[in-house]
Amino acid sequence: MNREPGPPEPEEGLAAHDLVIGNRFWQAGPLNVRTTTGQITAILGPSGCGKSTLLATLAGIEPALSGQVMLHGIDLTDVPVHHRGIGMVFQEPLLFPHLNVGANVAYGLRRQGVNKSVAAQHAAELLDWVGLPGFADRATDSLSGGQAQRVALARAMAPSPRALLLDEPFSALDTDLRLRLAGEVAELLRSRSITAIHVTHDLAEAHAMADVVEQFGDLTAR
Amino acid sequence: MTVLPRWMRVLWIAPAGFIVAFVAVPLWQIAANALHDDALQTLLSGSTWHVAALAAAQALLSTVLAMAVGLPLAAVTCYRFPGRALTRALLTIPFVMPTVVVALALRSMLGGALPTGIVAVVIAHAWINVAVVVRVVGSQWARMDLGYLHAARCLGASRLQGFRTITVPFLRPAIASAATVVFIFCFTSLGIVLLLGDQHTKTLEEQILRQTSVLLDLPAASALALAQLLVVSVALILGARAISTTTYRPTTAALRPLPASTGGRVALFSCAGLGAIGVLAPVISLVIASVSSAHGMTWQWWATLNSVDAGTTRIGSPIAALGISIQYALITGVLASIIGVIAAISLLGPRIGRWIAGVSILPLGISAATLGLGLLLAYARPPIDLRGTGLLVPLAHSLVAVPLVVAVVIPAVRSLDGRRLGVARSLGAAPTRAFVTAYGPTLAVVMVAAGGLAAAVSLGEFGAASFLARPGTPTVPLQIVRLLGKPGEQPLAAAAALSVILAALTLTLVLLVDRLGRRVGA
């Protein structure tokens, strides 16, 4: 279900140029990733090929061994994680257990200095947006797996990131729920026209989510 | 559960009887004495609570310093680097060192630079208890899923904010329990306070000893013991409250790779190095002190350890105390390992047994002086006078050791694979034989390890022994303290030499226990 890009000349979103990822013992690359602003790009590859490391490197959690990470034409390679403005949803929801659902969603806003009540209100709106109205006061361990990932999505979107990375966010869920949630999340992301990269090993999930589907193996070819 | 053969299901009576006879009865004696008219005045008097306040302030300072030094070191032990195991082992040394040896080691390192009083006491307490912080907080820290931190960083948290908002809440229960343990240790400190303190560092523990052995006012001593129990209980309750129930799903402790940045590595290695130096320097100074005199290096202090003239009693040399200590340590090792292992095995039995296993940890919260005083009141005067038997000190040491033994044995008992028992039974073994076949080998190793641990505790124990040992038969720590009270160069050097022997014995035992413990996964 590829869409026609809106503007005549699509603007470059999040990109990687000759990016080498890995550590002392294992490397992959040079990789070239190109995405278009406002589109969802899926990167498909088998487990252990380095998809997660690629996302972690784009987010700044892992350092790039060489090459560049660019967002809207700006070089982010040396910008620390918390200044990149790139949100991420992980395989596990990783909701902070000492905070309730609302405080989890408000976490990013609080780090930007937004005051508590404004952040809470914004968090409530985002919970509405992901279909969990009134969940703000719930404890994180009272959520189902699907609900927890929705909260994780709301949390990642709260500080208005300029791009969003999704690292197999549905892999812990069963097949039915996974595809349904993938479709819903794709709709939500499109409603906000956010640039997103979604990595997965599941072809059906990739097609349920993405505008563009790439193979991880093809990233080295360019 | 049908794990235990029938006759073993009543074994819990042994530890239960032990606890009743040697903890409950003595505590009751203390309470009975303390609720006496004059004693009540002591309990309610301003000076008692003045000492309690001084001790609490001292314990708070000590806890803060131990945390300040221990937390960075706890973080360091979460990384995988060459020398990590050694660093961790070194950092544990101060905690297993007898307190009088610690005091002497710090004194011989800092000499005149170490003013007696609050500074010296706080430094010594922190030096000992950094190990608690490193062990308790470090093992929790290593279990933290770094994913939470990554998530926080992606949401715009700086490194520092991530630490404050994610790591600190995660560590809070571990920090609270370490702080509680350290606070109680410092609040009820005796040996350090006697050797390094002044009139501003009194503890109730020290006052209990003074009332008992100098002023011979047992009711007043009982009142002080009661006051101390009250404060310790409050600390335990506050601590238990701070150990909140937030459940971070712990991941299996996986050591972290070295930080990528040069700065990070330099920081890590300098922390580890400073920690190691901080531990080793006083120990080395102690060894040097035992072979130095005003005229240079000498072995004369070691050579005269055997002479009666060098001792503090007319009948024994400094080395004679070693014989007494070893004898007590052997009795303690046997007694505490039997009681402790039976208490831990009770976990496998009926409900009451499980309850006993829990209760047997209780003496941990009761100070050495309280145990000593209680035993003195209950069993050192008619109708039951055990002073002549030489059993009082090992009994007290067993009380101190049993909780530690139980804490070491319980994980081993929990890890026993019940299926082995089923296999043995299905092959036709009778219940007792099946139990021995399935669990015997593990329990035998655990028993030896537990005995070694108890013996190590006994060797270094000072508080209870100072109440119960008879003047003619001092244990090594008592002998060291007495030597330090004598003027001149020789007693000090003899104390240092004796301390070196005691420290070496204790460390050897602890190393052995650690080895054995690892073999059975305890």
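Small disclaimer: the values here were computed from a predicted structure and weren't measured.

## Examining the overall build of chain B
- Summing up its helical and strand segments, chain B has 22 helices and four strands in all.
- Each principal axis of the C-alpha distribution contributes one length, and for chain B these read about 65 × 65 × 50 Å.
- Across the 522 residues that make up chain B, the buried fraction comes to 52%.
- Long-range contacts, defined here as pairs at least 24 residues apart, represent 79% of the contacts in chain B between residues at least 6 apart.

## As for unusual backbone geometry
- Phi at Asp18(A) takes a positive value of approximately 45°, unusual for a residue other than glycine.
- Examined against the element boundaries, Asp18(A) turns out to sit in strand β1 (residues 12–22).

## A look at the interface of chain B and chain A
- Counting residues at the interface gives 22 residues for chain B, matched by 22 residues for chain A.
- Both sides together, the interface formed by chain B and chain A hides about 1,900 Å², and carbon and sulfur atoms give 68% of it.
- Where chain B touches chain A, the interface holds zero salt bridges.
- At the surface where chain B touches chain A, the tally comes to three residue pairs in polar contact (both at pLDDT 80 or more).
- If you list the elements that add at least two residues to the side of chain B that touches chain A, you get α7 (146–154) and α8 (159–187) of chain B.
- A total of seven residues in the side of chain B that touches chain A trace back to one element, the largest contributor, which is α7(B).

## Some details on α8(B)
- The end-to-end C-alpha separation of α8(B) is 36 Å, well short of the 42 Å expected for 29 residues at 1.5 Å each.
- A maximum bend of about 50° is found in α8(B) at Arg172(B), where proline Pro173(B) lies one to four positions downstream.

## Focus on the nonpolar core
- Counting 188 residues, the largest nonpolar core has Leu54(A), Leu58(A) and Ile480(B) as its most contacted members.
- Residue assignment places this core across two domains, with domain 1 (33–286) and domain 2 (303–522) of chain B each supplying three or more.
- Beyond its immediate chain neighbours, meaning those up to four positions away, Leu58(A) contacts Leu14(A), Ala16(A), Leu19(A), Val69(A), Arg84(A), Ile86(A), Leu165(A) and Ile197(A).
- Within the second largest apolar cluster, 41 residues are counted, among which are Leu95(A), Val101(A), Val105(A) and Phe170(A).

## Here we look at the side chain of Arg190(A)
- Along the chain, Arg190(A) turns up in helix α6 (residues 175–191).
- At a separation of 3.0 Å, a polar atom in the side chain of Arg190(A) contacts the main-chain carbonyl oxygen of Met209(A).

## Focus on helix α5 (residues 99–110) of chain B
All names here are of chain B.
- In this model α5 runs 17 Å from its N-terminal to its C-terminal C-alpha over twelve residues, within 8% of the 16 Å that 1.5 Å per residue would give.
- Here α5 has its buried residues at Val100, Val101, Val102, Ala103, Leu104, Ala105 and Leu106.
- Where α5 is buried, its residues meet α4 (84–96), α6 (118–142), α9 (191–196), α12 (262–290), α21 (476–484) and α22 (489–519).
- At the C-terminal side of α5, glycine 111 shows a positive phi close to 50°.

## A few points about the sheet that holds strand β8 (residues 195–200) of chain A
Residues and elements named next belong to chain A.
- If you walk across this open sheet you meet the five strands as β6-β7-β8-β3-β9, and the pairing is parallel. Edge strands, defined here as strands with exactly one partner in the open sheet, are β6 (86–89) and β9 (212–215). Taking each pair of neighbouring strands and ignoring which way they run, the sheet shows an average axis angle of 20°.
- The sheet contact formed by strand β3 (residues 40–44) and β8 spans five bridges and is parallel. Paired with leucine 44 across the bridge in β8 is threonine 200.
- Packing of α6 onto the sheet brings it into contact with β3, β7 (163–167) and β8, and relative to β3 it is tilted by some 140°.

## Section: the pattern of salt bridges
Residues and elements named next belong to chain A.
- All chains considered together, the criterion is met by seven salt bridges over all chains.
- Between lysine 51 and glutamate 168 there is a salt bridge, with the nearest N and O atoms lying 3.4 Å from each other. You can see lysine 51 sitting in helix α1 (residues 51–59) and its partner glutamate 168 sitting in the loop between β7 and α6, a full 117 residues away along the chain.
- Of the residues examined, glutamate 168 reaches a relative accessible area of 7% and is grouped as buried.

## Notes on the environment of Leu190(B)
All names here are of chain B.
- Here leucine 190 is to be found in the loop between α8 and α9.
- Sequence separation between leucine 190 and threonine 203 is 13 residues, and the spatial gap between their C-alpha atoms is 7.3 Å.
- Contact partners of leucine 190, with chain neighbours within four places excluded, come to Glu205, Glu206, Leu209, Phe462, Gly463 and Ser466.

## Remarks on the environment of Asn33(B)
All names here are of chain B.
- Residue placement: asparagine 33 occurs in helix α1 (residues 13–34).
- Each C-alpha atom of the pair asparagine 33 and leucine 505 lies 39 Å from the other, and the pair is 472 residues apart in sequence.
- With near-sequence residues (within four places) excluded, asparagine 33 lies in contact with Ala39, Pro219, Ser222, Leu377 and Arg381.

## Here's the deal with the packing of helix α14 (residues 318–345) of chain B against α22(B)
Residues and elements named next belong to chain B.
- Contact pair α14 / α22: the axes reach a minimum separation of 11 Å and the direction vectors enclose 25°. In terms of their interaxial angle, α14 and α22 are classed as roughly parallel. Where α14 crosses over α22, the handedness of that crossing is right-handed. Mapping the contact onto sequence places Pro318, Ile319, Leu322 and Ile326 in α14 and Leu498, Ile501 and Leu505 in α22.

Procedures and definitions
- Residues numbered from 1 in each chain as written.
- Chains lettered and ligands numbered in written order.
- Predicted model: local features only at pLDDT ≥ 70, side-chain atom pairs only at ≥ 80, totals over all residues.
- Heavy atoms only, no water.
- Helix = DSSP H or I, 4+ residues; strand = E, 2+ residues; numbered from the N terminus.
- Buried < 20%, exposed > 50% of the residue type's maximum accessible area, 1.4 Å probe, protein only.
- Contact = heavy atoms within 4.5 Å.
- Buried area = accessible area lost by both parts, 1.4 Å probe.
- Salt bridge = Lys/Arg side-chain N within 4 Å of Asp/Glu carboxyl O.
- Polar contact = N/O pair within 3.5 Å; in protein donor to acceptor, adjacent residues only side chain to side chain.
- Expected span 1.5 Å × (residues − 1).
- Bend = angle between axes of the 7 residues up to and from the residue.
- Core = buried A, V, L, I, M, F, W, Y, C linked by side-chain atoms within 4.5 Å.
- Domains from an automatic or database assignment.
- Pairing = 2+ DSSP bridges.
- Axes fitted to C-alpha atoms, helices over the stretch in contact; angles between N-to-C directions.
- Parallel < 35°, antiparallel > 145°, perpendicular 65-115°, else oblique.
- Left-handed = near helix turned anticlockwise from the far one by under 90°.

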